[in-house]
Amino acid sequence: MGNGDRITDNERNKLLNRLRRPLFWVGENIPGELEIEGKNVKLHEIIWEIINKTHFSAKEIENIELFMALLKEKEHEYEKNLEQNDISYEEAKNLFTQTAGIMRAIMDLTEIEEENKRKKIPDTKHICKDVEDKEWEHFVKDIRKGRNTKR
């Protein structure tokens, strides 16, 4: 299949069926960056920071839930694009990979709410040097502002 060939219905259905299989996201890579509401987010590093933190305030849990909702919106957008758009096979594979990675990020965040599944690391220092708490807090503040003005 050439790079510019359009995806066939059969190929599209195979990709969509894989996305909808239980636990398929295990082992998928979380995208390094993702655009959410017009902002580039260092998704992989943010997820890593969150899942390796040992304690969360009520406000942090609220922010994580908001972030998960944004990720779910992006996941649905990508899945809809994969399902409905006239795209090449390569574009479809890219959408599939991005969607799978977002689903993995969502599941990782979901697990932090279940104490017995969460990793315990005694030191909450920054593991990824590129992400600062200020960046996360600034992103959440911007998203909240944008959400409040849309309502």
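Now for a look at the structure at hand. Because the structure is a prediction, the values reported are computed rather than measured.

We now examine the environment of phenylalanine 67. Inspection of the secondary structure puts phenylalanine 67 in helix H3 (residues 58-84). Through-space distance from the C-alpha of phenylalanine 67 to that of isoleucine 106 is 9.0 Å; in sequence the pair is 39 residues apart. Discounting residues that sit within four places of it in the chain, phenylalanine 67 has contacts with Ile36, Val41, Leu43, Ile46, Ile47, Leu109, Trp136 and Phe139.

Residues of helix H1 (residues 9-19) that are buried: Glu11, Arg12, Leu15, Leu16 and Leu19. Buried residues in H1, looked at end-on, bunch into an arc of 130°, giving them a common side. Counted as exposed and oriented over 90 degrees from the buried face of H1: Asp9 and Lys14. Of the surrounding secondary structure, the elements contacted by the buried residues of H1 are H3 and helix H4 (89-112).

Another aspect to go through is unusual backbone geometry. Residue glutamate 37 is not a glycine yet carries a positive backbone phi of 50°. Structurally, the position occupied by glutamate 37 is in the loop between strand E1 (34-36) and strand E2 (39-41). The exposure class assigned to glutamate 37 is partly exposed, which follows from its relative accessible area of 33%.

Criteria and thresholds
Residues numbered from 1 in each chain as written. Predicted model: local features only at pLDDT ≥ 70, side-chain atom pairs only at ≥ 80, totals over all residues. Heavy atoms only, no water. Helix = DSSP H or I, 4+ residues; strand = E, 2+ residues; numbered from the N terminus. Contact = heavy atoms within 4.5 Å. Buried < 20%, exposed > 50% of the residue type's maximum accessible area, 1.4 Å probe, protein only. Arc of directions from axis to C-beta.

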